[in-house]
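What follows is each chain in one-letter form.
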Amino acid sequence: MLGHVLKRSGTYPCNHCTRRRRPEECVFGSNPADAAAPLRTAALSSLDEIPARRLDIVDAPSGAPRPSGRGSSTASAPAAAVGNNKPIDSLSTTLAQSFGYFDGSPHNTMALLREWDLRDEVGKADVTAKPASPDILAVVKRDLARIPHRQILDFLVQYFVRELNWMKQIVHSPVFLSHYQHQWTVELPLSVEHIEFTTLVLRICSYTAQFLPSPSYTVDTIHGLSLSEIRDTCDNIGNSLAKACLALDWKGSLVRVQHHLFASLKSSCEGRTDQFWEGVACASQAAQKAGIHTDIDGPGAGGIDELEKEMRRRTFCTLYMLDSHLSRQLDRLPFLPDDSICNMLPRVRLGPNLGDMDPDNSAPEIFTERLMQLHLGRFWRKYAPIRNLEYDPTHGEQRYERFCTEYLPLLAPSMALKPDTKWDKHVPKLALQRELLHISILDSICWSFRPLLLLKPRQIANMPPYKRVLLQSQREKLALAALKELEAVTALHSMLGGSHTRFAAIIFNTFEAAVTLLSVCSHPDFSTDQVGGFDEILGLKVPRPTRQKSLLAVEKALGRLQMLSGVSEMAASGASIIVQLYIKATRESVSPDSALYSDSTNTYTSWPSATPTFLGSNDELGPWGLLEPSNPEWMAEVLSAMASNADPFAEVHLRPQLDLSMP
């Protein structure tokens, strides 16, 4: 197990983690005998007694933390209704399902009906609780009985909190862990809320298992169960319970939004960005049904405390950011309106407690990077290029200048392109988050300038001279942004251990930047003879881009994709495309004394066998090498085969097999 094992003492977090100011790392150790097993068995036998509309009626034990959805308007109202024997929610539920109203709105017809106090009259027919379908209860019983052993879940939850949650910040670690501990002590009967949170845990575990084995955990089993079996089991049970929860509670809660997002992230790790996009759509729909898309005070708030309101804001911010990011990368329309985030920005600081080291609370918190990503999405929503119009260099330059003057000043010092790194040792994962943000920033610049590559020679010829000059300058900026993006991806991958990973940010951005660079290199106007000198991108002084530097960067990117193709179909398909593009981009320029193969210092001779990579030279890579054959004539053979119309991949192995067995 990662971290320390904490005996059950009735307190959370433990004194050890509190003194270390790392409460989010505290996870109770599970009993090998699974002390919760008798409780689970009793819970299964009690399901027959649970009515469909009143599953959410069990209050947490006195002093115990409440599950995440308890304080939401969608969860607390039914519980209060049953406790007082009043049909508070019956009208809302009936009309929301029949007419589609959002019952927390202060503006729609539902709000008007509340003024007439019609609840007791209209809702009488719905007051009597309807029994849950026997089929649904049977499914829930079966699924709960199949949940993996608690030791497995504990390990995956702890690994997620320590190693993965920094990436997306869908849940706040201390709050999630508190609810997770309470989950194992829930009283009977079970509630929809309990089942919904179980779904969240299972989907988090499935997502986490996508990142294993890893440099810190090198085996492919957890407590004797294979990772593939764990993934399949958590997927199947989580999907089944999610359907059951929808049938039992139409509106849902914050937890439902969260587990939809984790299901979509799992699809992203599997190389199914299309399903990732669809999952964000499902989460956006769930957010509106549950009412977390608006920060409501008053009658619709349902007694939510400030911490729970903050969790809703942060989850919605993450959802908005993912929606903005995917709509930009995939050229889709966003699911959430541009202004939907205006009243949902974080308001509570949940930063690290560094004591005397941070007397003015200026240290960044774990959500700072997400907030910077959110502002990035908002900027490009506001200044996105107009669709279906020919690229105009003047407009492109205006967007770039606005970005430098409006967005870059918003970056926190710890997240700036020239960062203040004094907090890196004190805020976990801060350096990783910064690299992830820089990748997104550079990718957005590539996205803004990329349409210039689609201009036809006739269109360029018809431009006035000053626009052609702008176009040449922007082409170089595009190459610089792609080069810097690949550098940031390399740095992030190296910080993560430089080994096999399914992290989509590594794979997707490697592919995108490599395609962009090859497209720039193939353009006849791209500078090839400039040696030395510097250029500027986003206020950074960097060496001027050349064809040679760009092709070398692409080679390293190709090597990374080929290595990752052993565990990712996205990387495998991307690598095959890059090889073909590389051949097309270099076909006319390759010659026996080409700089691609040798120069006066013989630095790049015999690629790929002697080309240094982000992991070091090939001799140091051992079984983690980027290509199976160590053939100095590899690229020349491929080019020759292409020239003769033969199959260039017949003798080339681009997907080395990954050995996950123990050494």
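Look above for the structure.
Report on the accompanying structure. Here the residue numbering is sequential within each chain, running from 1 through the sequence in written order. Totals for whole chains, interfaces and linings use every residue, but because this is a predicted model, local features are given only for residues with pLDDT of at least 70 and side-chain atom pairs only at 80 or more, for both listing and counting. Hydrogens and water molecules were not included; the side-chain quantities draw on all heavy atoms of the structure.

With that settled, the discussion passes to the pairing of strand β4 (residues 540-543). The pairing of strand β3 (residues 534-537) with β4 spans four bridges and is antiparallel. If you follow Ile 537 over to β4, its bridge partner there is Leu 540. Here the rule is simple: two strands pair whenever DSSP picks up at least two bridges between them. Here a helix means four or more residues in a row that DSSP labels H or I, a strand means two or more in a row labelled E, and each is numbered from the N terminus. If you look at the hairpin formed by β3 and β4, you'll find two residues sitting between the two strands, and Leu 538 has a positive phi there, around 55°.

Right, let's get into the packing of helix α13 (residues 273-290) against helix α14 (residues 306-330). Here, axes are lines fitted to C-alpha atoms. For helices the fit covers the stretch in contact, and angles between N-to-C directions go from 0 to 180 degrees. Axis separation between α13 and α14 bottoms out at 10 Å; the angle between their running directions is 145°. Crossing hand, α13 versus α14: left-handed. Between α13, through Thr 273, Phe 276, Trp 277, Val 280, Ala 283, Ser 284, Ala 287 and Ala 290, and α14, the contact on the second element is made entirely by Arg 312, Phe 316, Leu 319, Leu 322, Asp 323, Leu 326 and Leu 330. We call a crossing left-handed when the near helix sits turned anticlockwise from the far one by less than a right angle, and right-handed when that turn is clockwise. Pairs of residues are marked as contacts when any of their non-hydrogen atoms sit within 4.5 Å.

We now examine the pattern of salt bridges. Any carboxyl oxygen of Asp or Glu that lies within 4 Å of a side-chain nitrogen of Lys or Arg is treated as forming a salt bridge with it. Using the criterion set out here, one finds 22 salt bridges in the structure. For Asp 392, the salt bridge goes to Lys 467, with nearest N and O atoms at 3.3 Å. Separated by 75 residues along the polypeptide, Asp 392 in the loop between α15 (368-382) and α16 (393-407) and Lys 467 in helix α19 (residues 465-495) bring together distant segments of the chain. Among the charged side chains, a salt-bridge network with shared partners connects Glu 306, Lys 309, Glu 310, Arg 313, Arg 314 and Glu 365.

A word on the packing of α19 against helix α20 (residues 504-521). Between α19 and α20, the least distance of the axes is 9 Å, while the angle of their chain directions is 150°. The orientation of α19 relative to α20 falls into the category roughly antiparallel. The hand of the α19/α20 crossing is left-handed. Residues Arg 475, Leu 478, Ala 479, Ala 482, Leu 483, Glu 485, Leu 486, Val 489, Leu 492 and His 493 of α19 lie in contact with α20, whose contacting residues are Ile 506, Asn 509, Thr 510, Ala 513, Ala 514, Thr 516, Leu 517 and Val 520. By the definition adopted for this analysis, an angle is roughly parallel if under 35 degrees, roughly antiparallel if over 145, roughly perpendicular if from 65 to 115, and oblique otherwise.

A few words now on the packing of aromatic side chains. Each aromatic ring pair is specified by the distance between its two centres and by the angle formed by the two planes. Any two rings among Phe, Tyr and Trp, with Trp reduced to its six-membered ring, count as a pair given centres within 6.5 Å; such a pair is stacked if its planes are under 30 degrees apart, edge-to-face if over 60, and tilted if neither. This structure, assessed with the given rule, holds 19 aromatic pairs. Measuring from ring centre to ring centre gives 6.3 Å for Phe 176 and Tyr 180, while their planes differ by 25°; the resulting arrangement is stacked. You can see Phe 176 and its partner Tyr 180 sitting in helix α9 (residues 173-183), four residues apart, about one turn around the helix. Comparing Phe 176 with Tyr 180 shows no difference in burial state: the two are buried. Grouped by ring-pair contacts, the aromatic residues Phe 160, Trp 166, Phe 176, Tyr 180, Trp 184, Phe 197, Tyr 207, Phe 211, Phe 262 and Phe 503 constitute a single cluster. Two conditions define a charge sitting above a ring: the NZ of Lys or the CZ of Arg must be within 6 Å of the ring centre, and it must be within 35 degrees of the ring normal. The ring centre of Trp 277 lies 4.2 Å from the NZ or CZ of Arg 332, which sits over that ring. Sitting over the face of the ring of Tyr 320, Arg 381 holds its NZ or CZ atom 4.2 Å from the ring centroid. Whether a residue is buried, partly exposed or exposed follows from its accessible area with a 1.4 Å probe, protein chains only, as a fraction of its type maximum: under 20%, in between, or over 50%, in that order.

Here we take up the environment of Trp 277. Here Trp 277 lies in helix α13. Taking the C-alpha atoms as reference, Trp 277 lies 8.9 Å from Leu 322; in sequence the two are 45 residues apart. In this structure, Trp 277 is in contact with Leu 326, Leu 330, Arg 332 and Phe 335, ignoring residues within four places of it in sequence.

Counting through the fold element by element, Phe 160 comes out in helix α8 (residues 150-164). Each C-alpha atom, one on Phe 160 and one on Ser 173, is 9.3 Å from the other, the two residues being 13 residues apart in sequence. Once residues lying within four places of it in the same chain are set aside, the contact partners of Phe 160 are Asn 165, Val 171, Ile 204, Tyr 207, Thr 208 and Phe 262.

On to α20. The terminal C-alpha atoms of α20, which comprises 18 residues, lie 25 Å apart, in line with the 26 Å expected from a rise of 1.5 Å per residue. Along α20, 15 of the 18 residues are buried, which leaves the element largely enclosed by surrounding structure. A helix is expected to span 1.5 Å for every residue after the first.

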